[in-house]
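Below are the chains, spelled out letter by letter.
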Amino acid sequence: MPSTLLHGRFLTFNDRPEAIDDTASYRYENDGGIWVEDGLIRQAGTWDAVRAAAPSDAIEIDHRPHLIMPGFVDPHIHFPQMQVIGSYAANLLEWLNTYTFVEEQRFADPDHAARVATHFFDELIRHGTTTAAAYCSVHKASADAFFAEATLRNLRMVAGKVMMDRNAPGPLTDTPQAAYDDTKAVIADWHGTGRNHVAITPRFAITSSPAELELAGALTAEHPELHVQTHLAENHGEIAFTRELYPEAIDYTDVYARSGLLGPKSLLGHCIHLSDREAGVLAESGSVAVFCPTSNLFLGSGLFDNARLAGHGVRTAIATDVGGGTNYSMLRTLDEGYKVLQLQGQRMTPLDAFYRITLGNARALSLAEHIGTLEPGSDADLVVLDASAMPAMAIKAERVETLVEELFLLQTLGDDRAIAEVYVAGEAVKSGL
Ligand code: GUN
Ligand code: ZN
């Protein structure tokens, strides 16, 4: 495969920014070059240096004056909820029972799952998301459709067949043994094929019996290399019901802890209403609390207390949670996340915001050696950002003088229109949609 040379400004982080302009946390090149070969980044540096190092027959693509960054990472999203997004409900449990548990039944049909998978990855790419951690439905067919399409597109994706055996309609439930067997089959069929990662995915404590959570824990012990994803402490009604279902547990977090589901590869959606004890348990286990701002506002679930969790040493990530979340865009997600923190007197700097949706989320997924930066050897998954993509952005851009101001404009007004191009394993894919 011939080499490609991308010409443009670029930004990549090497660590979490500690201040509004922590210049040590990132590398920015005003006249940059990125040399891509065999789906990987070979070198990123000044245009002159990279141009000189790359083969003379490399194909040059000029993205000036746009800003190139690592592709965005969405660590919590629901593939079967493309037709649930924007459903009118008072709260989480009403929303699940009225819409979500009805819609997800359709994914027993492999043709339906395959059709939605096509739209799902089109939408991720349109919005600049090149890696996601996704929930499929309870049906193995939904995971097969998801991974078949991800493989076809050569995307690095994390996903799992949802395990759920109670408190949901019959057609949307499995049994503990079927959940175990089907997850094993999904692992055998898809984990490590292409760039696929299979996640053990018990939906949440309400929809899994103790026996099913125990088998989820057994799977986790058998496959410590796999991610685990579930939901935790999103809504007061959910927490009260969980306490009734698991009276022997100390609290909601303990339900997962005693099943062996916590650890450095565990992704816990929401984590809004946690005690200090629970935050301490998450920190000690290295589990990741996933902030889903558009979802938490849409469902009225509450405000994610980033400062408190960080104070306990809990690892955090930020995600869309479509279809409880209301937008596929990580830029829109940053905008809403910024406001959730503002309401609590907490600040998210623009550098921190873009760190979070690239290297931060890659670290949360333990995938930073592959994605989230422009380091040599990383996957060539990239976004090209246009901060003047529409008139409202262009007029504001006339007042933008610094990189930090440009980032803040992108996160405040940007959406899929600000994503000028997307590269997946070195191939330009958005322009082909
Ligand atoms: N808790 C259990 N399932 C779900 C889901 O699909 N979405 C959200 N937001 N929370 C959940
Ligand atoms: Zn969710």
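None of these values were measured; they are calculated from a predicted model.

## Structural notes on the overall build of the chain
Item 1. Tallying secondary structure elements over the chain gives 15 helices and 16 strands in all.
Item 2. For 433 residues, the compact-globule formula gives about 22 Å, and the C-alpha radius of gyration of the chain, at 21 Å, lands near that figure.
Item 3. In terms of overall dimensions, the chain has a C-alpha envelope of 65 × 45 × 40 Å along the principal axes.
Item 4. A burial count over the chain gives 57% of its 433 residues as buried.
Item 5. Considering only intrachain contacts with a sequence separation of at least 6, the fraction spanning at least 24 residues in the chain is 74%.

## A word on the site of ligand 1
Item 1. Inspection of the region around ligand 1 gives H78, L92, L96, T100, R203, F204, H231, E234, S295, D321 and G324 as its neighbouring residues.
Item 2. Examining the composition of the shell around ligand 1, we find that three residues originate from one element, helix α2 (residues 92-103), more than from any other.
Item 3. For the shell around ligand 1, the class distribution of residues is three nonpolar, five polar and three charged.

## Description of the domain arrangement of the chain
Item 1. The domain boundaries assigned to the chain delineate domain 1 (4-70 + 373-432) and domain 2 (72-328).
Item 2. When each unit is reduced to the centre of its C-alpha atoms, the spacing between domain 1 and domain 2 is 31 Å.
Item 3. Facing the ten residues of domain 1 at the interface are eleven residues of domain 2.
Item 4. For the side of domain 1 that touches domain 2, a count of residues per class yields six nonpolar, no polar and four charged.

## Considering the packing of helix α4 (residues 140-152) against helix α5 (residues 176-190)
Item 1. Here α4 crosses α5 at 15°, and the two axes come no closer than 10 Å. Compared by their axis directions, α4 and α5 come out roughly parallel. α5 is crossed by α4, and the crossing has right-handed handedness. Counted together, K140, A143 and F147 of α4 and D182, A185, V186 and W190 of α5 form the full contact between these two elements.
Item 2. Considered class by class, the residues forming the contact of α4 with α5 number five nonpolar, no polar and two charged.

## Some thoughts on the pairing of strand β7 (residues 156-160)
Item 1. Counted residue by residue, β7 has five buried out of five residues, so it is predominantly covered.
Item 2. Of the two faces of β7, both are covered, the one formed by R156, V158 and G160 as well as the one formed by M157 and A159.
Item 3. In the sheet, strand β6 (residues 129-135) pairs with β7 via three bridges, with the strands oriented parallel. Across the sheet, A134 pairs through a bridge with A159, a residue of β7.
Item 4. In terms of strand pairing, β7 meets strand β9 (residues 195-202) through four bridges, oriented parallel. Residue pairing across strands places M157 opposite N196, the latter belonging to β9.

Reading the values: the criteria
- Here the residue index of a chain counts from 1 through its sequence in written order.
- Key to labels: chains lettered from A, ligands numbered from 1, both in the order written.
- In view of the model being predicted, local features appear only for residues whose pLDDT reaches at least 70, and side-chain atom pairs are presented and counted only at 80 or more, with totals across whole chains, interfaces and linings using the full set of residues.
- Helix and strand definitions here come from DSSP, where helices need a minimum of 4 consecutive H or I residues and strands a minimum of 2 consecutive E residues; each element is numbered from the N-terminal end.
- We compute the radius of gyration over the C-alpha atoms and compare it with the globule rule, which gives 2.2 Å times the number of residues raised to the power 0.38.
- Exposure is read from a count of other C-beta atoms within 10 Å of each residue's own; the residue is exposed at 12 or fewer, buried at 20 or more and partly exposed in between. C-beta atoms are placed from the backbone.
- Here contacts are defined at the residue level, using C-beta atoms placed from the backbone and a cut-off of 7 Å between them.
- Residue proximity rests on one test: whether the C-beta atom, placed from the backbone, lies within 6 Å of the molecule or strand.
- Gly is put with the polar residues, along with every residue not named as nonpolar or charged; the nonpolar set is Ala, Val, Leu, Ile, Met, Phe, Trp, Tyr, Cys and Pro, and the charged set is Asp, Glu, Lys and Arg.
- For each domain, the first and last residues come from an automatic or database assignment.
- Each axis is a line fitted through C-alpha atoms, taken for helices only over the stretch in contact, and angles between the N-to-C directions span 0 to 180 degrees.
- When describing relative orientation, an angle under 35 degrees is termed roughly parallel and one over 145 degrees roughly antiparallel, while 65 to 115 degrees is termed roughly perpendicular and anything else oblique.
- The hand of a helix crossing depends on one turn: near helix anticlockwise from the far one by less than a right angle means left-handed, and clockwise means right-handed.
- The pairing criterion is simple: DSSP has to find at least two bridges between the two strands.

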